[in-house]
Amino acid sequence: MTTILDRLGGALRVRGWPPDAAMPPSAVRAGDGVLTGPLSLRGRVRRALHAANAPFVDLLAPPPLAREALPPTVTPPPVAAEAWRRHGGHGLLVGLDDGERTDVVLTAARQTAARTLLLVRDSGAEDLWQRRLRERDAAAAIEVATVARAAQRLAGGAVRHDLLVVVAADRMPSLSLSTALAGLAPAHVLALVDHPGADLLALSAWAGPVLQIVRRTARAAQVEVRLPLTTEERAAHDTAWHEFLCSYDAFAALRPQASFGVFVHEARREPQWRPALLAWHRARAVAGWNEAKAAAWGALLARHRGASVLVFTPDRASAYQLARDHLVPALTAELPRAERAELLAAFAARRQRVLVGPRLLDSGVSAGHADVGIVVGAGFGLSDRRARHDRVAASGVVYDLVADGTAEVAHARRIADALQR
């Protein structure tokens, strides 16, 4: 059965809701397979149907832009746009500079082929963005408006814009923004936030998950990119993580003062706890290396073509996969010592631009020598992570690829905070 989205008065109506699909928050059952809710729920409903692989027809969708009206292609596309696309076309990006913001807005508008509304705080920002878009030949596809004007004139009518971009979302007047959000009902949302210290949890309630955080310090800039697991990867991760937590909770109840390190030590010699430790390793492996991370790494390599790039992988297997897929050398302990020394010397002389590996890059490359660092797995301690960041010049950038919805998110935040002290 095909689900149909349409409008009933000033509300969203969903007919033929799949019985096995999770019902989005704020939706109300109005009959057998019928849901109703505010128009602003439309984007969440669409994403829930996509996640359930359920066919649907959205009668509220405006026609896509003609090919000749699309914004110009950004080559290579920003990795933030890839994270946004993989999360279903919604989410928050934090700390991007002006050029990065423009690139990701143009890429999102082109990917969705959607007429775009870009909300800004005041007329000064409106003038600035209109000038930027004219310079990039994108003014026809993207309408710029202050949030106050959008709240007064654009909300509550027919859906005109299928992509909503909110610039400086953390500094928006809350009443005007909530009024605009209540009636615009876009299929896709992109929120741009100025600083990591903003209330990201409150913003995520309407914009979607945090996808990327850029932290600028006296050292190399830190860019945290959160990428989703596929349906199969998510099932494997969550099954393993549940198995681990069930046993670990039992261990913690018996040994409330014991640290996680004590649990690991005990599990290595006690059969009772060993399955939980193996499950923890399985969940960690899925989070550490997955389809989205492989794709993001390729996009970053293209974006920084010609730069000196170090890629810190979670294990040898992922290093070898990257080496095969992109024809770059993997530096592992399995290589003969002379070959390792030759690769490191070539990187130091900038004859070799890219090296990938799980461990040996930390001390084999001089501090500050690389332009770009890419940390593929977040499961490293503070000292290891500091060593990786130290390999990159202060003028460079370190990308941290994090599996969203896993323990990597909290771990990455703790490491980032520690590195800024």
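Before any of the text, the structure's been laid out above.
These numbers were taken from a predicted model, which means no experiment stands behind them.

Caption draft 1: Focus on the sheet that holds strand 11 (residues 210–215). Taken together, 11 strands build an open sheet; the order of strands is 8-7-9-10-6-11-12-16-15-13-14 and the sheet is mixed. One side of each edge strand has no neighbouring strand; the edge strands of this open sheet are strand 8 (142–146) and strand 14 (354–357). Pairwise comparison of adjacent strand axes, ignoring direction, gives a mean angle of 15 degrees for this sheet. Across the face of the sheet, helix 7 (residues 200–207) comes into contact with strand 6 (90–94), strand 9 (163–167), strand 10 (188–193) and strand 11 while running at roughly 150 degrees to strand 6.

Caption draft 2: Here's a closer look at the environment of L49. Tracing the chain through its elements places L49 in helix 1 (residues 42–51). Beyond its immediate sequence surroundings of up to four residues, L49 is in contact with T3, L5, W17, P18, A54 and F56.

Caption draft 3: Inspection of helix 16 (residues 407–419) at higher detail. Here helix 16 contains 13 residues, and its C-alpha end-to-end distance of 19 Å stays within 8% of the 18 Å for a straight helix at 1.5 Å per residue. The inward-facing, buried residues of helix 16 abut strand 11, strand 12 (221–227), helix 10 (274–288), helix 11 (291–303), helix 15 (382–390) and strand 16 (392–403).

Caption draft 4: Just helix 11, in detail. Taking 1.5 Å per residue, 13 residues should reach 18 Å; helix 11 reaches 19 Å between its end C-alpha atoms and fits that length. The complete set of buried residues in helix 11 reads A292, K293, A296, W297, G298, L300 and L301.

Caption draft 5: Layout of the layout of surface pockets. Taken as a whole, the largest pocket encloses approximately 960 Å³ of empty space. What lines the largest pocket is a set of 29 residues, among which R47, A51, R86, H87 and G88 lie closest to the centre. When contributions to the lining of the largest pocket are tallied by element, the ones reaching two or more residues are helix 1, helix 2 (79–86) and helix 8 (231–254). In terms of residue count, helix 1 provides more of the lining of the largest pocket than any other element does, seven residues in total. Partitioning the lining of the largest pocket into residue classes produces 12 nonpolar, nine polar and eight charged.

Caption draft 6: A look at the sheet that holds strand 3 (residues 28–31). Spatially, 3-4-2-1-5 is the arrangement adopted by the five strands of the open sheet, whose pairing is mixed. Lying at the two open borders of the sheet, with one neighbouring strand each, are strand 3 and strand 5 (56–58). Across the sheet, the mean angle separating the axes of adjacent strands is 30 degrees when strand polarity is ignored. Where strand 1 (residues 3–8) lies against strand 2 (residues 11–15), five bridges are found, and the strand directions are antiparallel. Directly across from I4, in strand 2, lies its bridge partner R15.

Caption draft 7: Layout of the nonpolar core. Among the nonpolar cores identified, the biggest contains 59 residues, and W297 and I374 are the most heavily contacted of them. Those residues in contact with I374 that lie beyond four places of it in its chain are W297, L300, V309, L310, V311, F312, Y399 and L401. Core analysis: the second largest hydrophobic core is formed by 24 residues, V166, A169, A180 and I213 among them.

Caption draft 8: Summary view of the packing of aromatic side chains. One pass over the structure, following the stated rule, counts 12 aromatic pairs. Aromatic side chains W241 and F244 sit 5.1 Å apart centroid to centroid with 50 degrees between the ring planes, which places their arrangement in the tilted category. A residue pair is termed a helical-turn pair when its members lie 3 or 4 positions apart in one helix, as W241 and F244 do in helix 8 at three residues. The partly exposed category is assigned to W241, whose relative accessible area is 25%. For the ring pair Y248 and F263, a centre distance of 5.0 Å and an interplane angle of 80 degrees mean the geometry is edge-to-face. Of this pair, Y248 sits in helix 8 while F263 sits in helix 9 (residues 260–267), placing them 15 residues apart in sequence. Taken as a pair, Y248 and F263 share a single burial class, namely buried.

Calculation rules
Residues numbered from 1 in each chain as written. Predicted model: local features only at pLDDT ≥ 70, side-chain atom pairs only at ≥ 80, totals over all residues. Heavy atoms only, no water. Pairing = 2+ DSSP bridges. Helix = DSSP H or I, 4+ residues; strand = E, 2+ residues; numbered from the N terminus. Axes fitted to C-alpha atoms, helices over the stretch in contact; angles between N-to-C directions. Contact = heavy atoms within 4.5 Å. Expected span 1.5 Å × (residues − 1). Buried < 20%, exposed > 50% of the residue type's maximum accessible area, 1.4 Å probe, protein only. 1 Å grid on protein atoms, 1.4 Å probe; cavity = no way out; pocket = protein on both sides within 12 Å on 5 of 7 lines; lining within 4 Å. Points joined across faces, edges and corners; volume = space filled by probe spheres on them. Nonpolar A, V, L, I, M, F, W, Y, C, P; charged D, E, K, R; others polar. Core = buried A, V, L, I, M, F, W, Y, C linked by side-chain atoms within 4.5 Å. Phe/Tyr/Trp six-rings, centres within 6.5 Å; stacked < 30°, edge-to-face > 60°.

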